Amino acid sequence: MTKPLTSTSRAGGVGESPVRPDGPLKVKGEFAYSSDLWIDGMLWGATLRSPHPRARITGVDIGPALAIAGVRAVLTHADVPGDKFYGIDQRDQPVLAIDEVRYQGEPVALVAADHPEAARRALNSIEVHYEVLEPIFDAHKALFDPTSEHVHPGTNLVRHQPVRQGDPDDPAVRAQCAVVIARDYEVGIQDQAFLGPESGLAIPSEDGGIELYVATQWLHNDLAQIAPCLRLPQEKVRMTMAGVGGAFGGREDLSMQIHVAMLALHTGKPVKMVYHREESFFGHVHRHPAVMHYEHGASADGKLVFVKAQIALDGGGFASTTPAVVANAASLGVGPYEVPHVKIDAYGAYTNNPPCGAMRGFGAVQACFAYESQMDAVAEALGMSPWRLRQINAVSEGSTLPTGQVIDSPVPLSEMLDDLVAMPLPPSEEFDLRRMPGGVSNTTHGEGVRRGVGYGVGIKNICFSEGFDDYSTARVRLEMIGGEPAALVHTAAAEVGQGLVTLKAQIARTELGIERVTIAPADSRVGNAGSSSASRQSYMTGGAVKEACAAVRQRVIELAGAPADAQLVGGKVVTALGEVVAQLADVLGDTAIEETREYRHRPTERMNPLTGQGNSHVQFALCVHRAVVDVDVELGLVRVVELAAVQDVGKIMNLLSLEGQIHGGTAQGLGLAVMEEIQVANGKVLNPSFTDYLIPTILDMPPMRLKILENADPHAPYGLRGAGEPPTLSSTPAIVAAIRQATGLALKRVPIRPEHLTGTLAS
Amino acid sequence: MSGLFEEIHEQPAADVPTRRVSITVNGDKRVAQVEPRLLLAHLLRQGLKLTGTHTGCDTTNCGACTVLFDGKPIKSCTMLAVQADGHEVTTVEGLAGASELHPIQEGFKDEHGLQCGFCTPGMMLAAKALLEENPDPTEDEVRWALSGNLCRCTGYQNIVKSVMWAAKKMQAQSAS
């Protein structure tokens, strides 16, 4: 049905850039993505979704749908075998709508049929009677207007997280300020826009359980939500990772997992579900849109005196990961700067807008756009260069954040800015129409085109914060295969494209001193690996593989009777002085040594609910960007000419994969700056297609310059620092700053549209 | 919002008109009885089980379904199977030789031109068409040739590198 994702590769330990073990399958077209899964005799599942963002369901008639030839099942909430609600953090989302729908696209009914067309006809024949209600679509009103109706009984507030340090309202504090800048900012809804659509295959098993093949970021959290809804014990829900066509946070929440399993259990047949692109826009959570009010005060010499901020994040109809997004926005709300007086209030709201949850950068992205815009405004008011103002206020190791947390590993922001500024600017180019904003549309031959340069800085927490029991599990087996020592590494961690499969093999090679490593397919037969999110898998699953390898090594050393500090090198057991004690082949013989380990990072604390104080984060990662843009100020067209970045990753585990993460993260930040927005009116999505939701093409994304620093984090495996998210933070404000420099406009909303630049729409 | 994009009748109903098509796919002549409305992408993926041709957007924006049609890159989600009757189609499964990868495949694999890999088949086929027409492209020319194919993971930097690497290798091969 599907090829195992197992692959074997040779050579390449930690710090090298071996070829991805899944590379050959992917370039041959043989890698099985979840949408490629196929089993003979399978049925096709389909989902009926609400056309209304808010409505009462007064009746559902499935009779006409069931009468259609080839239709095997039509299910509603009454058919959910167990718990009717699921959710990644709070179990507040109905598997299928019960009495009310809270967003456009909410699943109402399911169909399984012999053929997808029969399934589609059946969907059209289900009669749902709605009493349409006025949607709650203004997050600010939902939160602060006491007359607002509620999305869920009693409240529209998912979480309020304050941060308090000093007193920005003290007149004595205000008196220290030479400038005070107060502005409102807005971030639109960004979509992860992974290219591989949501899809999955469920196969009923003889014991009454289910085999589930899905593309997800977190198998075990899926499992913990799915099993109770199916009223099955977890061991009867056997999950296997199918090929993932990108994720970026959009696969952290469930999509069709419970639905496809329900249809398979109900019909006793394998069922496949595939969303098409339009359905995908309604089938996963997006990046929270934000409305933010920021006030910065600084002294004449450029030192920040205070920051006040109110951040309202719109989570849509259900909680999803909104509580953690609020915590990130609050705790990182002033950016990587030392500020003595801070008052932040971050809120997450329920509305009837599209549901929002995890997307790369997760709460930190929204705040970063606002605080970096403020830093530029303060610099301008003081007549200072933007990067110099940032250096004056930059955190460094030992700095205290407004949450009271002391940064206890390197954060060399000032040096990173020095490196960034020292990078050469792009050389001047000969006139080429294709390089003008507007390109071959022949909109300008250079008249009206202004160049701008801007800087952006971002700080992201790595791994799960706030006391979450964050761990990963790895099982490593060492044995002789074909006369050669070989390791099998088994985890449940999701390879979403980032290159974790490569990294796991690198770590096993280095720790076990062997070449041949096989990466077993990720499934639920091994313990929880946590999510491929929060830039955490190199740290956490990397750490787990390292520890499991160390445990295997320990047993080999004991078997060989070698001293405890012996190493495994080149297939041999070697003393610390380099003396060969034994060949691995002789020590292992016919036995396999297998060890499983859980790896945890050091504990963190909840933020104090009133003050935000606490050591809530594990690790901090910084990225800085410089953007060069050309803007046609008459037409409002932008061309990003070049992006340069400096990032400190602690330890370069795999340079090729790392650069790929920085490039890709930067591109998504570019998208948020000038292109990407799910546009919503009255709770309804206006542009659910790649025709109307624009992601950067190869012509939009310019060449990049990179500099990567390695200041080790002593608390992390190999000293590494999570790397996937920080570039997504800082590229957006850098591009906006460059456009501001070119146009002189304030630009307080992203994405920037042409009409914001030409004065046809107030910005 | 109720549609599914995977549509093929393995045994079309008697009342549905069908056409017989003969298409040379990766060098092999394939014959199928199809409905006139069947998309080429669906014939490839479901009828012929060549799932390396991916469908990502259904609207001809993303290019994941790019195949070569008589050597030219086309998006197979907007071509009908009947339009391919009598023509040659190359998919990603037809890129490699019997024992070795095509230099473009090697380039994407070795230069980290892929992450999730969903866009990769389409990217490689668009690149193949470019390199056949222009064996020694500039980076700008590579970018223009691939501008109809979206990638969400890589930021495109290593895709450009991969194609440049392949161009070099193909030139060296044809020189020797």
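Analysis parameters
- Residues numbered from 1 in each chain as written.
- Chains lettered and ligands numbered in written order.
- Predicted model: local features only at pLDDT ≥ 70, side-chain atom pairs only at ≥ 80, totals over all residues.
- Heavy atoms only, no water.
- UniProt positions renumbered as here; feature names shortened; annotations may be inferred.
- Domains from an automatic or database assignment.
- Contact = heavy atoms within 4.5 Å.
- Buried area = accessible area lost by both parts, 1.4 Å probe.
- Salt bridge = Lys/Arg side-chain N within 4 Å of Asp/Glu carboxyl O.
- Polar contact = N/O pair within 3.5 Å; in protein donor to acceptor, adjacent residues only side chain to side chain.
- Nonpolar A, V, L, I, M, F, W, Y, C, P; charged D, E, K, R; others polar.
- Axes fitted to C-alpha atoms, helices over the stretch in contact; angles between N-to-C directions.
- Helix = DSSP H or I, 4+ residues; strand = E, 2+ residues; numbered from the N terminus.
- Parallel < 35°, antiparallel > 145°, perpendicular 65-115°, else oblique.
- Phe/Tyr/Trp six-rings, centres within 6.5 Å; stacked < 30°, edge-to-face > 60°.
- Buried < 20%, exposed > 50% of the residue type's maximum accessible area, 1.4 Å probe, protein only.

As recorded in an unreviewed UniProt entry, chain B goes by the name Carbon monoxide dehydrogenase, listed as coming from Rhizocola hellebori. The heading Pathway (unreviewed entry) in the UniProt record of chain B holds the text "Alkaloid degradation; nicotine degradation."

Chain A appears in an unreviewed UniProt entry as Carbon-monoxide dehydrogenase large subunit from Rhizocola hellebori.

**Concerning the domain arrangement of chain A**
Residue and element names in this part refer to chain A. Under the domain assignment used here, chain A contains domain 1 (5-31 + 471-600), domain 2 (35-134 + 199-278) and domain 3 (407-461 + 615-763). For domain 1 versus domain 2, the distance between C-alpha centres works out to 37 Å. Taken together, the contacts link 18 residues of domain 1 with 18 residues of domain 2. The junction of domain 1 with domain 2 conceals about 1300 Å² of combined surface from both sides, 53% of it contributed by carbon and sulfur atoms. Taken together, the connections running from domain 1 to domain 2 amount to one salt bridge. In this structure, Arg-525 engages Glu-211 in a salt bridge whose closest nitrogen and oxygen atoms are separated by 3.8 Å. Our count for the domain 1 to domain 2 interface comes out at seven residue pairs in polar contact (both at pLDDT 80 or more). Taken together, the residues of the side of domain 1 that touches domain 2 break down into eight nonpolar, seven polar and three charged.

**What to know about the packing of helix H16 (residues 655-674) of chain A against helix H5 (residues 157-175) of chain B**
Following both chains from N to C, one finds H16(A) and H5(B) inclined at 125°, their axes separated by 9 Å at the closest point. Judged by the inter-axis angle, H16(A) sits oblique to H5(B). Residues Leu656(A), Gly660(A) and His663(A) of H16(A) touch H5(B), and the partners they reach there are Gln157(B), Asn158(B) and Lys161(B). Here the contact of H16(A) with H5(B) is composed, by residue class, of one nonpolar, four polar and one charged.

**Description of the packing of aromatic side chains**
Residue and element names in this part refer to chain A. Per the stated rule, a full pass over the model turns up 13 aromatic pairs over all chains. Summarising the aromatic geometry, the rings of Trp-38 and Trp-44 are spaced 6.1 Å apart at their centres and angled 75° between planes, so their arrangement reads as edge-to-face. Under the relative-accessibility criterion, Trp-38 is labelled buried at 17%. Relative to Tyr-599, the ring of Tyr-539 lies with its centre 6.5 Å away and its plane at 45°, an arrangement referred to as tilted. Here Tyr-539 is found in helix H14 (residues 537-560), whereas its partner Tyr-599 is found in strand S28 (residues 593-600), with 60 residues between them in sequence. The burial state of Tyr-539 is the same as that of Tyr-599; both residues are buried.

**Overview of the interface of chain A and chain B**
Contacts between the two partners involve 70 residues from chain A and, on the opposite side, 57 residues from chain B. Counting the surface lost from both chain A and chain B, the interface buries some 5500 Å², and carbon and sulfur atoms represent 61% of this. The largest share of the area that chain A buries against chain B comes from Val27(A), Leu195(A) and Ile698(A), three residues that together contribute 15% of it. Between the two partners, chain A and chain B, sit four salt bridges.

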